[in-house]
Amino acid sequence: MSRSAPLLLLAVACGGGVDVADAGYLPLDIPDQPLRGLDAAQKATFQKGDELFDLTLRDGDGLGPLYTAAACGACHDQAARGPGLVQKFSAVMADGVTPSPDQSRFGYGHTEHPLTTAGATTPILAPMNAPDVLVSRRVGPPVMGRGYLEAISDQTLIELAQQQATRDDGIHGRVNHVIYHSEPNPMSPYNPHQKGDSVVGRFGLKARIATLDEFTADALQGDMGITSPLRPTEILNPDGLTDDLKPGVDLTLASVNARADYMRLLAIPRRVAHPTGEAAFEKARCNGCHVSNLKTRADYPLPQLANVDAPVFTDQLLHDLGVGLADGLAHEDGEAGPRDWRTAPLIGLRFSKHYLHDSRADTVAEAIEAHQSEGSEANDSIARYRALSTAEQQALLEFVEAL
Ligand code: HEC
Ligand code: HEC
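Criteria and thresholds
Residues numbered from 1 in each chain as written. Chains lettered and ligands numbered in written order. Predicted model: local features only at pLDDT ≥ 70, side-chain atom pairs only at ≥ 80, totals over all residues. Heavy atoms only, no water. Helix = DSSP H or I, 4+ residues; strand = E, 2+ residues; numbered from the N terminus. Rg over C-alpha atoms; globule rule 2.2 N^0.38 Å. Buried < 20%, exposed > 50% of the residue type's maximum accessible area, 1.4 Å probe, protein only. Donors = N, O, S within 2.8 Å, 3.2 Å for Na, K, Ca; no water. Salt bridge = Lys/Arg side-chain N within 4 Å of Asp/Glu carboxyl O. Near = heavy atom within 4 Å. Polar contact = N/O pair within 3.5 Å; in protein donor to acceptor, adjacent residues only side chain to side chain. Nonpolar A, V, L, I, M, F, W, Y, C, P; charged D, E, K, R; others polar. Pairing = 2+ DSSP bridges. Domains from an automatic or database assignment. Core = buried A, V, L, I, M, F, W, Y, C linked by side-chain atoms within 4.5 Å. Contact = heavy atoms within 4.5 Å. Arc of directions from axis to C-beta. Tetrahedral: all angles 85-135°; square planar, octahedral: opposite > 155°, others 65-115°.

Visitor: So what exactly am I meant to see when it comes to the overall build of the protein chain here?
Guide: Broken down by element type, the protein chain carries 10 helices and 10 strands. Relative to its length of 403 residues, the protein chain is compact, with a C-alpha radius of gyration of 21 Å against a globular reference of 22 Å. Overall size of the protein chain, expressed as C-alpha extent along the three principal axes, is 60 × 55 × 35 Å. Counting only residues that meet the buried cut, the protein chain has 54% of its 403 residues in that class.

The structure is reproduced here in structure tokens:
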């Protein structure tokens, strides 16, 4: 109780606006805050997962043979964006963005794994100076509020896609149907899937994975060379290595689940209300894709996130954003094509200095402009944004920058 008074004062002193959540709840300036109302056991789970998320793994922990970074926090610092990133590459046609039918030269996949250890000598690198290869970057996105994203039912996303199919402004998001590629996770109430199941993807910049524990296992395996019971094999590598300095599976299911639970327990940062900005956001139809609120399902196993309004500002659907943002990758992310992206959740934007999947935009205004290009579903919305008065545009930017 003694802490709430100074927090309230702080909120008044820096914001000046009306607090959307309960007054005095979360500090405005810390990205990786736990959900409100956690019990002691949940607080301990959060703490433990937070430590593992930031822990730098070493050779003796099973790092490699190939890897990109040695801790989740290297690419999701304080659960926010970057600074670490992943490079992808694809052979493209003369237009520079359409994937070539022949991708056979990339026998080790389309993802760079630049670092070697545990006896490996040959990294997987994006080809240099190849005019027909498009190299793209994916900067680690924020992981705040992802529990809410997991808690929204498949049916809600399917219905959103059905509603959008009847719109007349070009917005027509699609569910990414993906295959569950991992072993089952009998310890997790969040993941009922069996290998080979068709599931609704929602995590990753192209919504290629359904649950946070599977994403964690995928990141451990792909970004860090750390095997787990969900993903027990090392990625294919040019040295033909099948293990590293720690024989067998590198870490336990409990350790995977602890990292996933940490992300489930991360709050959506507290917002300060901005009615004129939100009205301009709706007038420009940004909320056609960045759906401001979705109800979570009643049977989500984490009670704090069950049957609540989730201010996620996404429909978690894939949209064609045109040639301007294309990465030339086909068949890498389920049904997502080379121009498709999942509507970015506008969560914790106030902690970002760069925006979009590759951090190409240095301001929110630049990020908005980048939605417009040949074939983009957002073109009508961007035209409406440009038609706003200067004051309305300013209010919209203030609103989005403070999310
Ligand atoms: C080398 C950088 C890097 C490392 C290390 C890394 N990530 Fe990521 N992470 C990314 C990138 C890039 C994406 C987007 C990937 C995609 O679209 O396929 C991502 C996406 C995610 C997402 C999906 C977020 C969303 O909005 O859907 C989660 C969850 C996540 N990472 C968790 C983790 C965890 C847990 C670890 C540690 C086990 C980890 N990451 C390690 C770069 C990294
Ligand atoms: C057709 C769907 C659609 C519409 C309409 C749309 N967006 Fe987006 N938005 C997206 C997608 C998809 C991304 C991710 C693109 C990427 O990362 O390359 C995105 C990304 C963003 C980002 C970057 C977020 C981040 O974390 O880096 C901002 C900011 C944003 N949109 C704001 C807006 C605003 C403001 C409007 C209205 C003027 C708008 N968007 C309209 C689909 C849409």
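Visitor: Help me understand the coordination of the iron atom of ligand 1, please; the structure alone is not making it clear to me.
Guide: Reference geometry at the metal: tetrahedral coordination by four donors gives ideal angles of 109.5 degrees; octahedral coordination by six donors gives 90 or 180 degrees. Exactly one protein atom donates to the iron atom of ligand 1; that atom is His76 (NE2), 2.1 Å from the metal. Mapped onto the elements, His76 comes out in the loop between β1 (66–67) and β2 (85–91).

Visitor: How do you make sense of the pattern of salt bridges when you look at a structure like this?
Guide: Side-chain pairing between opposite charges can occur once the charged atoms of the two side chains come close. Evaluation of the coordinates by the stated rule reveals 24 salt bridges. Across the pair Arg208 and Asp218 runs a salt bridge, and its minimum N-O distance is 3.2 Å. Of the two residues, Arg208 is situated in the loop between β6 (198–201) and α5 (212–224) and Asp218 in helix α5; the sequence distance between them amounts to 10 residues. Among the residues examined, Asp218 registers a relative accessible area of 15% and is labelled buried. Members of the salt-bridge network, linked through shared partners, are Arg138, Lys206, Arg208, Glu214, Asp218, Arg231, Asp327 and Asp333.

Visitor: Got a minute to help me understand the site of ligand 1 in this structure?
Guide: Surveying the vicinity of ligand 1 reveals 28 residues, the closest of which are Cys72, Cys75, His76, Gly204 and Leu205. Within the side chain of Arg138, one N or O atom sits 3.2 Å away from an oxygen atom of ligand 1. Between ligand 1 and the protein, one listed contact pairs an oxygen atom with a backbone N or O atom of Leu205 at 2.7 Å. Among the elements of the structure, β2, β4 (133–139) and α5 are those that each provide at least two residues to the shell around ligand 1. It is α5 that contributes the most residues to the shell around ligand 1, 7 residues altogether. Residue classes in the shell around ligand 1 are distributed as 18 nonpolar, 5 polar and 5 charged.

Visitor: For this particular structure, what's the right way to read the site of ligand 2?
Guide: With respect to spatial proximity, 27 residues lie near ligand 2, and among them Cys286, Cys289, His290, His357 and His371 are the closest. Here a nitrogen atom of ligand 2 and a side-chain polar atom of His290 are 2.8 Å apart. Between ligand 2 and Leu356, the relevant distance is 2.7 Å, taken from an oxygen atom to a main-chain nitrogen or oxygen of the residue. Of all elements in the fold, only β10 (340–342), α9 (379–386) and α10 (390–401) reach the threshold of two or more residues within the shell around ligand 2. In the shell around ligand 2, the residues fall into 17 nonpolar, 6 polar and 4 charged.

Visitor: Which parts of the structure should I look at to understand the pairing of strand β5 (residues 176–179)?
Guide: Put simply, side chains in a regular strand alternate between the two faces of the sheet. Side chains Asn176 and Val178 project from β5 onto a buried face, and the interleaved His177 and Ile179 project onto a face without burial. Sheet analysis places β5 next to β6, joined by 4 bridges and oriented antiparallel. Residue pairing across strands places Ile179 opposite Ser198, the latter belonging to β6.

Visitor: In this structure, what is going on with the domain arrangement of the protein chain? I would like to understand it.
Guide: By a widely used convention, the size of an interface equals the accessible area lost when the partners come together. On domain assignment, one finds that the protein chain holds domain 1 (1–30) and domain 2 (31–80 + 139–401). On a C-alpha basis, the centroid separation for the pair domain 1 and domain 2 is 27 Å.

Visitor: What is the right way to read the nonpolar core from this model?
Guide: Side chains that are nonpolar tend, in soluble globular proteins, to be buried together. Within the largest apolar cluster, 39 residues are counted, with the highest numbers of intra-cluster contacts made by Leu35, Tyr148, Tyr262, Tyr300, Leu302, Leu305 and Val312. Mapped by element, the contributors of at least two residues to this core are α2 (40–54), α3 (146–151), α4 (154–164) and α6 (253–264). Setting aside residues no more than four positions away along its own chain, Val312 makes contact with Tyr148, Leu149, Ile152, Ile268, Val291, Ser292, Leu294, Pro345, Leu346 and Ile347. One finds Phe281, Phe313, Leu325 and Leu356 within the second-largest nonpolar core, a separate group that totals 27 residues.

Visitor: Just to check I follow, could you spell out the side chain of Thr227 for this structure?
Guide: Topologically, Thr227 is positioned in the loop between α5 and α6. Given the relative accessible area of 1%, Thr227 is considered buried. In contact with Thr227, not counting residues within four places along its chain, are Pro232, Thr233, Glu234, Gly248, Val249, Asp250 and Leu251.

Visitor: Could you clarify how one ought to interpret helix α7 (residues 275–283) in this entry?
Guide: Because an α-helix packs 3.6 residues into every turn, residues spaced three or four apart end up facing the same way. Residues of α7 that are buried: Gly277, Ala280 and Phe281. Down the axis of α7, the smallest arc covering the buried residues is 105°, so these residues share one side. Along α7, the residues that are exposed and aim more than 90 degrees away from the buried face are Pro275 and Thr276. On its buried face, α7 is in contact with α10.

Visitor: Got a minute to help me understand the coordination of the iron atom of ligand 2 in this structure?
Guide: Around the iron atom of ligand 2, the donor atoms from the protein are His290 (NE2) and His371 (NE2), and they sit 2.0 Å away. Taken together, the 6 donor atoms coordinating the iron atom of ligand 2 span angles of 87 to 180° at the metal, a pattern that classifies the geometry as octahedral. One end of the pair, His290, is in the loop between α7 and β7 (294–295); the other, His371, is in the loop between α8 (364–369) and α9, and 81 residues separate them in sequence. Exposure class is identical for His290 and His371. Each is buried.

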